[in-house]
Amino acid sequence: MASLSLRTSRHLATSTRTTAPWICQSCCQSRTFASSVSRNQQPPPPPSHQDPTQPPLPGTRQDDAPTHFGFSTIPSTLKASRVANVFSSVASSYDTMNDLMSLGIHRLWKDHFVRCLNPGIRPTGPAGLRSESTKEEGQRILDIAGGTGDIAQRMLDHATTVNKDMKTHVTISDINPEMLAEGRKRFAGSDYQLAGRVDFLEANAENLSTIPSNSIDLYTVAFGIRNFTHKDQALREAFRVLKPGGVFACLEFTPHLSNSVLDGLYKRWSFGAIPLIGQVVAGDRDSYQYLVESIERFPGQGEFRDMIKEAGFLVPGQEGGEGEKGGWEDLSLGIAAVHKGVKPV
Amino acid sequence: MSSTTALRTLLRTPASLRLLLLQTPRSTYHSYDHAEQPVYREAERTILSSALAHVPIHGFTQEALTLGAKDAGYLDISSNLFPKGTFDLVKYHLVSQRLGLKDRIQFPDENFGVGRKVRNLILERLRANVDTGIVTRWQEALAIMSLAENIPASLRELGALADEMWFLAGDTAVDASWYTKRASLSGIYAAAEIYQTTDQSTEYRDTEQFLDRRLEELRTVGGAVSGTLGWAGFQAGAMVNLLRSKGVMI
Ligand SMILES: C[S@@+](CC[C@H](N)C(=O)[O-])C[C@H]1O[C@@H](n2cnc3c(N)ncnc32)[C@H](O)[C@@H]1O
């Protein structure tokens with residue numbers, strides 16, 4: 001396992017080094033680490049807890065409908081608090097968990113995710129053909145489930161150093177105050193904080209009522225959406241807060257690897273070893289067990305792509321294809337995937 | 001042409017072009033097949049065509065793509081709709097000019113032979129590079145197309161262009177010579193297009209003469225198609241070196 005992760009990370013590192021930072025396309029296409037092998041063994045979707053023909057009216061959601069908490073089924077109302085507990089208990093050992101799940105390469109995935117999104121507004125040409133006013137405003141980025149500010153930090157760094165954009169602003173939002181506190185700590189006294197380019201919002205991704213409609217350029221959610229009770233509702237909120245032309249982008253673990261042999265090995269690792277390590281490292285087996293199971297419960301890439309479309313987004317790539325052609329990008333044999341959607345004008 | 005000749009042609013073809021020849025034959029190969037699928041969605045079409053208008057000044061770059069998005073009422077960030085970035089921009093030019101060829105071309109009289117029609121079609125397609133103002137930037141496009149991950153799609157598109165030309169020229173026969181015809185036309189077109197990017201002569205007369213020499217070669221030597229292809233492959237390699245020497249990162 002160690003050698004596999006080592007080899008993969010070396011690939012990643014190479015492609016990172018040889019790619020001009022401002023050219024997204026070559027990094028987004030790099031075959032060495034994006035594999036788009038088709039997956040034929042998609043399991044049947046988990047039983048839906050709502051009748052899809054009867055979308056609940058806002059405010060009238062059947063809040064006690066049973067939902068999944070890992071593999072145990074619990075009432076919806078309880079899920080948010082159970083999830084909050086999980087993240088409260090892993091907040092400090094959180095990086096360890098991500099390292100275990102991603103075989104140590106989640107940092108490179110995050111780098112790749114941000115580089116391809118290319119946040120920030122670049123000056124055009126030496127004369128700066130762009131009107132000054134656009135440049136003045138920068139972009140508004142909303143990092144949902146932003147926890148410790150890992151993604152936000154990369155967004156701001158990319159906008160500033162690559163695109164020479166000193167205005168772009170990130171709001172880090174999370175349901176869990178303890179995770180947000182980690183983020184606050186990270187940015188305390190930083191240049192970004194002094195320049196007012198980062199702020200924090202405690203909110204459930206399914207209800208972003210304090211954020212005006214059509215106000216956000218880029219909505220990101222990294223390793224967060226699998227924890228949401230009503231993913232469709234979160235997608236609708238994303239659609240609402242984004243400006244027309246705005247981008248939804250999600251980085252998430254996938255339930256099944258594209259190669260069934262590797263999938264079996266990876267499952268053994270994640271279900272067998274990770275909760276055990278969680279117990280040893282963090283003294284908390286249950287939280288790690290939950291995290292592993294929540295990945296298994298997450299829809300496959302094709303299904304999730306359809307949910308994004310369902311919310312109204314234009315998905316890059318063609319209808320019905322797999323991998324990049326089908327509107328997503330698999331990372332490292334499909335342990336994780338990037339999904340994007342653009343709100344039509 | 002016998003199948004052994006076809007096989008020999010295949011084996012002599014530079015490895016990078018072989019893929020093109022190996023595509024499964026279809027019962028009919030004209031472009032109405034390609035056109036049936038909706039090629040681009042509305043948003044993609046408006047952004048990419050606006051972006052192409054910025055290519056003469058900004059080149060085949062992320063800048064052009066972003067400016068195109070803004071012109072179409074989208075945002076800087078909206079270029080995320082194009083997973084292959086600048087290659088999507090190049091490909092849009094290729095696809096739209098291939099599909100537009102049938103409207104650009106008019107044969108003066110019915111007695112035009114297939115050979116002369118093909119010559120006119122190639123010249124017309126090359127003229128589209130001039131008319132859209134991208135010819136001065138086309139070396140950048142070739143550089144992007146020659147990146148390993150873009151080669152298969154670029155060759156597929158080149159093959160589709162050759163199919164379209166044979167179809168418009170009225171040669172719809174699908175027989176053993178199909179591979180050879182497709183390959184020779186692809187090879188000649190690719191070579192002429194590369195030549196065009198370096199042509200300084202008035203109204204691209206040199207390119208026209210270059211094309212005539214290649215077509216003559218094909219007519220007289222016939223089976224020496226592989227020679228032409230080898231030449232095209234060599235040129236592509238030379239092209240990459242030329243661009244590298246100019247500081248283009250490929
Ligand atoms: C695995 S962490 C990801 C943190 C960070 N984005 C990263 O990639 O390192 C998942 C985060 O999702 C948050 N979360 C879970 N459910 C949420 C919800 N309904 N709304 C907002 N955030 C939620 C958790 O509090 C936790 O901070």
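Residues numbered from 1 in each chain as written. Chains lettered and ligands numbered in written order. Predicted model: local features only at pLDDT ≥ 70, side-chain atom pairs only at ≥ 80, totals over all residues. Heavy atoms only, no water.

The name an unreviewed UniProt entry gives chain B is Ubiquinone biosynthesis protein, with Extremus antarcticus as the organism. Per UniProt, the comment on chain B under Subcellular location (unreviewed entry) is "Mitochondrion". (UniProt positions renumbered as here; feature names shortened; annotations may be inferred.)

For chain A, an unreviewed UniProt entry supplies the name 2-methoxy-6-polyprenyl-1,4-benzoquinol methylase, mitochondrial and the organism Extremus antarcticus. Under Subunit (unreviewed entry), UniProt gives the following word-for-word description of chain A: "Component of a multi-subunit COQ enzyme complex, composed of at least COQ3, COQ4, COQ5, COQ6, COQ7 and COQ9."

> A description of the overall build of chain B should follow, citing residues and the corresponding values.
Looking only at helices and strands, chain B has 13 helices and 0 strands in total. Ordered by position from the N terminus, the helices and strands of chain B form the series α-α-α-α-α-α-α-α-α-α-α-α-α. By residue count, 51% of the 250 residues in chain B fall in the buried class. For chain B, contacts bridging at least 24 residues in sequence account for 72% of all contacts bridging at least 6. Here chain B has roughly 11,200 Å² of accessible surface; of this, 55% comes from carbon and sulfur atoms. (Helix = DSSP H or I, 4+ residues; strand = E, 2+ residues; numbered from the N terminus. Buried < 20%, exposed > 50% of the residue type's maximum accessible area, 1.4 Å probe, protein only. Contact = heavy atoms within 4.5 Å. Areas by Shrake-Rupley, 256 points an atom, 1.4 Å probe, with all protein chains shown as cover.)

> So what's going on with the site of the ligand? Residues and values would help.
Residue and element names in this part refer to chain A. Around the ligand, 18 residues are found, and the nearest of them are K110, A145, D174, N204 and A205. Within the backbone of A145, an N or O atom sits 2.8 Å from a nitrogen atom of the ligand. N204 is positioned such that a nitrogen or oxygen atom in its side chain is 2.9 Å from a nitrogen atom of the ligand. Notes on the ligand: free accessible area 600 Å², of which the protein chains cover 98%. (Near = heavy atom within 4 Å. Polar contact = N/O pair within 3.5 Å; in protein donor to acceptor, adjacent residues only side chain to side chain.)

> Can you break down the UniProt feature "binding site: S-adenosyl-L-methionine" (unreviewed entry) in chain A residue by residue, with the values?
All names here are of chain A. In the numbering adopted here, UniProt assigns the feature "binding site: S-adenosyl-L-methionine" (unreviewed entry) to T148, D174, N204 and A205. For T148, the location among the structural elements is in the loop between β3 (140-144) and α7 (150-162). Among the secondary structure elements, A205 is positioned in the loop between β5 (198-202) and β6 (216-222).

> Before we move on, can you summarise the side chain of R122(A) with the specific residues and values?
Looking at where R122(A) falls in the secondary structure, it is placed in the loop between α5 (106-117) and α6 (132-137). Accessibility expressed as a relative area gives 8% for R122(A), which makes it buried. A distance of 2.7 Å separates polar atoms of two side chains, one belonging to R122(A) and the other to T66(B).

> Describe in detail the pattern of salt bridges, supporting the description with residues and values.
This structure, assessed with the given rule, holds 21 salt bridges over all chains. Residue R122(A) pairs with E63(B) through a salt bridge whose shortest N-O separation is 3.7 Å. Separated into two different chains, R122(A) in the loop between α5 and α6 and E63(B) in helix α6 (residues 62-71) make up a pair that spans both. Look at E63(B) and you get partly exposed, because its relative accessible area is 25%. Residue D76(B) pairs with K70(B) through a salt bridge whose shortest N-O separation is 3.2 Å. Of the residues examined, K70(B) reaches a relative accessible area of 27% and is grouped as partly exposed. Beyond isolated ion pairs, a larger network of salt bridges with shared partners links K110(A), D111(A), D150(A), R154(A) and R186(A). (Salt bridge = Lys/Arg side-chain N within 4 Å of Asp/Glu carboxyl O.)

> I'd like a description of the side chain of D330(A), backed by residues and values.
As for its placement among the helices and strands, D330(A) is situated in strand β8 (residues 328-331). A polar contact is formed between the side chain of D330(A) and the side chain of W328(A), at a distance of 3.0 Å.

> Describe the confidence of the model for chain A, and please don't skip the residues or the numbers.
All names here are of chain A. Here chain A averages 77 in pLDDT, and 72% of its residues register 70 or above. Within chain A, the lowest mean pLDDT, 38, falls on helix α1 (residues 2-18), and the highest, 98, falls on β3. Contacts of residues 1-27 to residues separated by more than four positions or lying in other chains number 41 contacts, the stretch itself having pLDDT below 50. In the predicted structure, residues 29-62 sits below a pLDDT of 50 and forms 57 contacts with residues beyond four places in sequence or in another chain. (pLDDT = per-residue confidence, 0-100.)

> Residues and numbers for the confidence of the model for chain B, please.
All names here are of chain B. Overall, the prediction assigns chain B a mean pLDDT of 78, with 70% of residues at 70 or greater. Counted against residues more than four places away or in other chains, residues 13-29, with its pLDDT under 50, gives 44 contacts. Contacts from residues 31-36, a stretch scored under 50 in pLDDT, to residues over four places away or in other chains number 12 contacts. Reported confidence for the predicted complex is 0.73 by ipTM and 0.76 by pTM.

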